[in-house]
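Per-entry structural report
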Amino acid sequence: MGEASRTSEARRDAVFGRWVVFSPARSRRPTDLKSHNPTNPSPAPGAEAAPKPSCPFCAGRESECAPQIFRVPPEDALPWRIRVIENLYPALRRDVEPPEGGGGEAEAAELPGELAVRGFGFHDVVIETPRHDVRLWDLEAEGVREVLLAYAARVRQLGEHPAVKYVQVFKNHGASAGASMAHSHSQMLGTPFVPPSVKSRFNCMKEVFDKSGNCSLCEISSKDILISETPNFSAIVPFAASYPFEIWIIPRQHLSYFHEIDQDKALDLGSLLKLMLQKLSKQLNDPPFNFMIHSAPFGLSSSCLPYAHWFVQIVPQLSVIGGFELGSGCYINPVFPEDAAKILIELDCST
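Residues numbered from 1 in each chain as written. Predicted model: local features only at pLDDT ≥ 70, side-chain atom pairs only at ≥ 80, totals over all residues. Heavy atoms only, no water.

An unreviewed UniProt entry annotates the protein chain as Galactose-1-phosphate uridyl transferase N-terminal domain-containing protein of Urochloa decumbens.

Here you go:
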């Protein structure tokens, strides 16, 4: 079905359980969809140098940051490539007592209505490069692998804390996507509860598994939404993408926990993540974006593992969420996934 002949269609997502309305009449041609709010970062390596910014994430400014947790490489005698530090303005605080009863979930089961517990948790920052003029996708695939392995190492550390139930790894790129610093970085929050959207995702995937006997993500096979694949990962525009040019990167093997990734798979993922971010930047005028790593909660029952499958979700910020989305929980997407995938497949990022 060509772009011109498409009419509106509603699709239900088999991972998050959302309904999405695809309405191509609400937009220009998919190839014309660009960010009107490009992040316009400092020039990439090799471009004309910009004035040195005042940035505490840059090499030589380490003393201006919150305490360091670890760095790569660990030897102080060598220049660092990655630093994992505490967030100077944390959403959750590691210096308060963890709430009793598993983050309030036990109390919530007994008490109806509203509930408040202490704001315990961990909020960390991963500084992906010492250079202000380098973005994540400017790194070589090996450099992106190092960032991914730093995520995994810190998630494993947080998983050793008895009160931490879930760790959300995410990257905000661009001010309108939530980034308060232009220097390339990502974040993670370790929470004493399993967040509602994570529970909802697992409930939806369980529903699919109970009906079909298969994992929602393992079942994805349509070539119409496949952008690229490697021996270990597939990059797709999901069948019911909530956002235009949304991308998922999914392990081809059924794996539940991101933090168990090994060196080879991390390199494979690093090369594919780099390529997808390059494609989005080139096609969409360097848009603000978010990416999130959706993994399984710690201590998940073995009976849940057959439908627990981790993946990376990349969301370019091309439109504003309106009243219909906020009120209904449904999304309106002006670009069919098959059209977005075709555009991204054909985009050459070798130059």
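**Thoughts on the overall build of the protein chain**
Note the cut-off: Only DSSP runs of H or I with at least four residues qualify as helices, and only runs of E with at least two residues qualify as strands; both kinds are numbered from the N terminus onward. Burial status follows relative accessibility: with a 1.4 Å probe on protein chains alone, a residue under 20% of its type maximum counts as buried, one over 50% as exposed, and anything between as partly exposed. Contacts between residues were defined by any pair of non-hydrogen atoms, one from each residue, lying within 4.5 Å. Working definition of accessibility: Shrake-Rupley area with a 1.4 Å probe, residue cover restricted to the visible protein chains.
For the protein chain, the count of helices and strands is 7 helices and 13 strands. Taken across its 351 residues, the protein chain has 50% of its residues classed as buried. Partitioning the contacts of the protein chain with sequence separation of at least 6, the portion at a separation of at least 24 is 72%. For the protein chain, the exposed surface amounts to about 16600 Å²; the carbon and sulfur share of it is 53%.

**A look at the pairing of strand E4 (residues 82-86)**
The condition that has to hold: Two strands pair under a simple rule: DSSP has to find at least two bridges between them.
Of all 5 residues that make up E4, 4 are buried, and the element is covered over most of its length. As judged from the 4 bridges shared by strand E3 (residues 68-72) and E4, these two strands associate in the antiparallel manner. What sits directly across from Arg71, in E4, is Arg83. Pairing geometry for E4 and strand E5 (residues 122-127), over 4 bridges, is antiparallel. Residue pairing across strands places Glu86 opposite Asp124, the latter belonging to E5.

**With respect to the nonpolar core**
Rules: Definition used in this section: a nonpolar core is a set of buried Ala, Val, Leu, Ile, Met, Phe, Trp, Tyr and Cys residues joined via side-chain atoms within 4.5 Å.
In terms of nonpolar packing, the biggest core is built from 55 residues, with Tyr151, Ile249 and Ile314 touching the most fellow members. Excluding anything up to four places from it in sequence, Ile314 contacts Glu246, Ile247, Ile249, Leu273, Met276, Leu277, Leu280, Phe289, Asn290 and Phe291.

**Let's talk about the sheet that holds strand E1 (residues 9-12)**
We count it as follows: Axis angles are defined between N-to-C directions and span 0 to 180 degrees, where every axis is a line fitted to C-alpha atoms and, for a helix, only to the segment in contact.
Read across the sheet, 3 strands follow the order E1-E2-E13 without closing on themselves; strand pairing throughout is mixed. Looking along the sheet, the strands with just one partner apiece sit at the ends: E1 and strand E13 (331-333). For this sheet, the mean inter-axis angle between neighbouring strands, taken without regard to orientation, is 30°. Two strands pair when backbone bridges link them, and strand E2 (residues 19-22) and E13 are joined in this way by 3 bridges, in the parallel orientation. Note that in E13 the partner of Val21 across the bridge is Ile332.

**Overview of the sheet that holds E4**
The strand order E3-E4-E5-E7-E6-E11-E12-E10-E9-E8 describes an open sheet built from 10 strands, whose pairing is antiparallel. For this open sheet the edge positions go to E3 and strand E8 (226-229), each flanked by a neighbour on one side alone. This sheet shows a mean twist of 20° between the axes of neighbouring strands, independent of strand direction. Taken together, the 5 bridges between strand E6 (residues 166-173) and strand E7 (residues 185-191) define a ladder with antiparallel strand orientation. For Gln168, the partnering residue across the bridge sits in E7 and is Leu189. Against the sheet, helix H3 (residues 141-159) makes contact with E3, E4, E5, E6, E7 and strand E11 (289-294), and its axis sits at roughly 145° relative to E3, the strand it touches most.

**Section: the pattern of salt bridges**
Quick reminder of the rule: Salt bridges are defined as contacts in which a side-chain nitrogen from Lys or Arg sits within 4 Å of a carboxyl oxygen from Asp or Glu.
With the rule as written, the count across this model stands at 17 salt bridges. Put simply, Glu128 and Lys171 hold a salt bridge, and the shortest N to O gap is 3.0 Å. Of the two residues, Glu128 sits in the loop between E5 and H3 while Lys171 sits in strand E6, which places them 43 residues apart along the sequence. Each member of the pair, Glu128 as well as Lys171, carries the same accessibility label: buried. Across the pair Glu346 and Lys342 runs a salt bridge whose closest N-O atoms are separated by 2.9 Å. Remark: Lys342 and Glu346 occur in helix H7 (residues 337-346); sequence separation between them is 4 residues, near one turn of the helix. Bridged by salt links that share partners, the residues Glu86, Arg94, Asp124 and Arg154 form one connected network.

**Structural notes on the UniProt feature "active site" (unreviewed entry) in the protein chain**
Convention followed: UniProt positions are given in the numbering used here, feature names are shortened, and annotations may be inferred rather than shown by experiment.
In the numbering used here, UniProt assigns the feature "active site" (unreviewed entry) to His185. Within the secondary structure, His185 sits in strand E7. Relative accessible area serves as the criterion here: at 5%, His185 is assigned to the buried category. The contacts of His185, once residues within four sequence positions are left out, are Phe57, Val125, Val126, Ile127, Glu128, Lys171 and Asn172.

**A closer look at the confidence of the model for the protein chain**
Parts of the prediction with low pLDDT should not have their coordinates interpreted in detail. Convention followed: Predictor confidence is given residue by residue as pLDDT, running from a minimum of 0 to a maximum of 100.
For the protein chain, per-residue confidence averages 87 on the pLDDT scale, and 86% of positions sit at 70 or higher. Of the regions scoring below 50 in pLDDT, residues 41-49 engages in 14 contacts with residues more than four places distant in sequence or in other chains.

**Overview of the packing of aromatic side chains**
This is how it is decided: Stacked, tilted and edge-to-face pairs are distinguished by plane angle, under 30 degrees for stacked and over 60 for edge-to-face with tilted covering the rest, among Phe, Tyr and Trp rings (Trp via its six-membered ring) whose centres lie within 6.5 Å. Counted as over-ring charges are cases with an Arg CZ or a Lys NZ within 6 Å of the ring centre that also lie within 35 degrees of the ring normal.
Tallying each qualifying case throughout the model produces 12 aromatic pairs. Between Trp248 and Phe311, the aromatic rings sit 4.7 Å apart at their centres with planes inclined by 40°, giving tilted as the arrangement. Of the two residues, Trp248 sits in strand E10 (residues 247-251) while Phe311 sits in strand E12 (residues 311-316), which places them 63 residues apart along the sequence. Pair check on accessibility: Trp248 and Phe311 agree, each one buried. Cation over ring: Arg18 sits above Phe16, and NZ or CZ is 4.4 Å from the ring centre. One residue, Arg83, lies across the ring of Trp80, its end atom 5.7 Å from the ring centre.

**Comments concerning the side chain of Asp268**
Using the following cut-off: We score Asp and Glu as negative and Lys and Arg as positive, and we do not count His or the chain ends. Distance and chemistry together define a polar contact, namely a pair of N or O atoms within 3.5 Å, with one atom able to donate a hydrogen and the other to accept it when in protein, and with adjacent residues in sequence counting only for side-chain atoms on both sides.
Relative to the helices and strands, Asp268 is located in helix H5 (residues 263-284). The charged side chain of Asp268 is buried without a salt bridge, its nearest counter-charge being Arg252 at 7.3 Å. A distance of 3.0 Å separates a polar atom in the side chain of Asp268 from a polar atom in the side chain of Thr230. Ignoring sequence-local partners within four residues, the contact set of Asp268 consists of Thr230, Pro231, Asn232 and Phe233.

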